[in-house]
Amino acid sequence: MKKECDLVQDLLFSYNDGILSNTSKELVEKHLKNCDICLNKLKEIRNEDVKLDESQDKQVDYLKKIRKKLNKRKIYFIISITLLVILIVINILVFAKYNNVANKVEVYLEDDITSNQLSKIEEVVLQEDNEAKITYNSKEDELEEMKKIFQDNGELLSGYEGENNIFPASYLIETSVDKVEKIEKKLENLEGVKNIITNKEINPYVMYFLPLFTGENLYGN
Ligand SMILES: [Zn+2]
């Protein structure tokens, strides 16, 4: 029997896998009916298989979990990047808007300013920034501008024509943001200058977001 046991046990793996020829299969089955030792060996092999399957299942589960985690991370990553991009775009828009306002110097002029004093102002500005855009607004221009702002109530300003015009003439200077302060300093003490307004100190976020809520643009841009 012992020799047959050795032979059968050699065949048991293949028997378990179902790849034996019919003759070998019959031989194994016949032997198993009479030999508990070999039958137990077969049971051991089958148990091992079950255990192997289980551990493989566990591995697959583990891999699935990792993949889920990775997917979650990917989603978080994409969301983060998207938010970051949105934030950057908003910042660019805000500062583009801010630069558009902050690069302007409004110089209000005394009524009795002489043409020499006017030239002096233009000269000083161009010295600082020879690409600056200088626009002169006469008292009449300023009155018209005010009427536009008052819109439907423009007739309220009808008493302010000619000699009664209380609005000062002005220069609007468009330069670069970094030159606003220098230009302001140089113009401050020039004769004929009444006062200077710049928007450099404005918080760009307030300037940009406030109009979204109030529905009006405070700075005319
Ligand atoms: Zn046996």
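This structure is a prediction, so every number in the text was calculated from the model and none was measured.

## Considerations on the domain arrangement of the protein
Line of reasoning, step 1. By domain assignment, the protein separates into domain 1 (1–102) and domain 2 (104–214).
Line of reasoning, step 2. Each of domain 1 and domain 2 was reduced to a C-alpha centroid, and the two centroids are 76 Å apart.
Line of reasoning, step 3. With 11 residues of domain 1 at the interface, the matching set in domain 2 holds 11 residues.
Line of reasoning, step 4. Together, the buried faces of domain 1 and domain 2 total about 1100 Å²; carbon and sulfur atoms form 67% of this surface.
Line of reasoning, step 5. In terms of surface lost to domain 2, no three residues of domain 1 exceed Tyr98, Val101 and Ala102, which account for 49% of the buried area on that side.
Line of reasoning, step 6. Along the contact surface separating domain 1 from domain 2 lie 0 salt bridges.
Line of reasoning, step 7. Counting across the interface, domain 1 meets domain 2 through 3 residue pairs in polar contact (both at pLDDT 80 or more).
Line of reasoning, step 8. Its residues placed into classes, the side of domain 1 that touches domain 2 shows 7 nonpolar, 3 polar and 1 charged.

## Points about the packing of aromatic side chains
Line of reasoning, step 1. Applying the stated rule across the entire model yields 3 aromatic pairs.
Line of reasoning, step 2. Consider the rings of tyrosine 136 and tyrosine 171, whose centres lie 5.5 Å apart with planes at 65°: the pair is edge-to-face. In this pair, tyrosine 136 is assigned in strand E2 (residues 133–137) and tyrosine 171 in strand E3 (residues 170–174), connecting sequence segments 35 residues apart.
Line of reasoning, step 3. When its relative accessible area of 39% is taken as the criterion, tyrosine 136 is described as partly exposed.
Line of reasoning, step 4. Consider the rings of tyrosine 160 and phenylalanine 167, whose centres lie 6.3 Å apart with planes at 55°: the pair is tilted.
Line of reasoning, step 5. Residue class for phenylalanine 167 comes out buried when judged on its relative accessible area of 13%.

## Some thoughts on the nonpolar core
Line of reasoning, step 1. Within the largest apolar cluster, 18 residues are counted, with the highest numbers of intra-cluster contacts made by Val107, Leu109, Ile121, Tyr171, Ile173 and Leu187.
Line of reasoning, step 2. Looking at this core, the elements that each hand over two or more residues are strand E1 (104–109), helix H4 (115–128), E3, helix H6 (177–188) and strand E4 (193–198).
Line of reasoning, step 3. Among residues more than four places away in sequence, those in contact with leucine 187 are Val107, Ile121, Val124, Val125, Ile173, Val193 and Ile196.
Line of reasoning, step 4. Counting 11 residues, the second largest nonpolar core, distinct from the first, contains Val8, Tyr15, Cys35 and Cys38.

## Examining the pattern of salt bridges
Line of reasoning, step 1. What the rule picks out here adds up to 6 salt bridges.
Line of reasoning, step 2. With its nearest N and O atoms 3.7 Å apart, the salt bridge here joins glutamate 174 to lysine 133. Here lysine 133 lies in strand E2 and glutamate 174 lies in strand E3, a separation of 41 residues in the sequence.
Line of reasoning, step 3. For glutamate 174, a relative accessible area of 24% puts it in the partly exposed group.

## Thoughts on a negative patch on the surface
Line of reasoning, step 1. Together, Asp17, Glu44, Glu48, Asp49, Asp53, Glu54, Asp57 and Asp61 line one region of the surface with negative charge.
Line of reasoning, step 2. Sort the elements by how many residues they give to the negative patch and helix H3 (residues 36–102) lands first, with 7 residues.
Line of reasoning, step 3. Within the secondary structure, glutamate 44 sits in helix H3.

## Focus on the coordination of the zinc ion
Line of reasoning, step 1. Cys5 (SG), His31 (NE2), Cys35 (SG) and Cys38 (SG) make up the full set of protein donors to the zinc ion, lying at 2.1 to 2.4 Å.
Line of reasoning, step 2. Metal-centred angles of 93 to 117° between the 4 donor atoms at the zinc ion mark the site as tetrahedral.
Line of reasoning, step 3. Coordination of the zinc ion draws on donor residues from a single chain, spaced C-x25-H-x3-C-x2-C in sequence. As far as the burial class goes, cysteine 35 and cysteine 38 line up, both buried.

## Points about the pairing of E1
Line of reasoning, step 1. Taken across its 6 residues, E1 has 5 buried, putting it largely inside the fold.
Line of reasoning, step 2. Pairing geometry for E1 and E3, over 5 bridges, is antiparallel. The residue bridging lysine 104 from the neighbouring strand is glutamate 174, located in E3.
Line of reasoning, step 3. Bridge count for E1 against E4 is 5 bridges, and the pairing is antiparallel. Opposite valine 105, over in E4, you have threonine 198 as the bridge partner.

## Things to note about helix H5 (residues 139–150)
Line of reasoning, step 1. An ideal rise of 1.5 Å per residue puts 16 Å on 12 residues; H5 measures up with 16 Å between its terminal C-alpha atoms.
Line of reasoning, step 2. For H5, the full list of buried residues reads Lys139, Glu142 and Leu143. Each buried residue of H5 lies within a common arc of 100° when the element is viewed along its axis, so the set occupies one face.
Line of reasoning, step 3. Buried residues along H5 sit in contact with E1, E2 and E3.
Line of reasoning, step 4. Positive backbone phi, approximately 50°, marks glutamine 151, located one or two places after H5.

Thresholds, definitions, all that
- Residues numbered from 1 in each chain as written.
- Predicted model: local features only at pLDDT ≥ 70, side-chain atom pairs only at ≥ 80, totals over all residues.
- Heavy atoms only, no water.
- Domains from an automatic or database assignment.
- Contact = heavy atoms within 4.5 Å.
- Buried area = accessible area lost by both parts, 1.4 Å probe.
- Salt bridge = Lys/Arg side-chain N within 4 Å of Asp/Glu carboxyl O.
- Polar contact = N/O pair within 3.5 Å; in protein donor to acceptor, adjacent residues only side chain to side chain.
- Nonpolar A, V, L, I, M, F, W, Y, C, P; charged D, E, K, R; others polar.
- Phe/Tyr/Trp six-rings, centres within 6.5 Å; stacked < 30°, edge-to-face > 60°.
- Helix = DSSP H or I, 4+ residues; strand = E, 2+ residues; numbered from the N terminus.
- Buried < 20%, exposed > 50% of the residue type's maximum accessible area, 1.4 Å probe, protein only.
- Core = buried A, V, L, I, M, F, W, Y, C linked by side-chain atoms within 4.5 Å.
- Patch = residues over 30% accessible without salt bridge, like charges linked within 9 Å, V, L, I, M, F, W, Y side chains within 5 Å.
- Areas by Shrake-Rupley, 256 points an atom, 1.4 Å probe, with all protein chains shown as cover.
- Lys, Arg positive; Asp, Glu negative; His and termini not counted.
- Charge placed at Lys NZ, Arg CZ, Asp CG, Glu CD.
- Donors = N, O, S within 2.8 Å, 3.2 Å for Na, K, Ca; no water.
- Tetrahedral: all angles 85-135°; square planar, octahedral: opposite > 155°, others 65-115°.
- Pairing = 2+ DSSP bridges.
- Expected span 1.5 Å × (residues − 1).
- Arc of directions from axis to C-beta.

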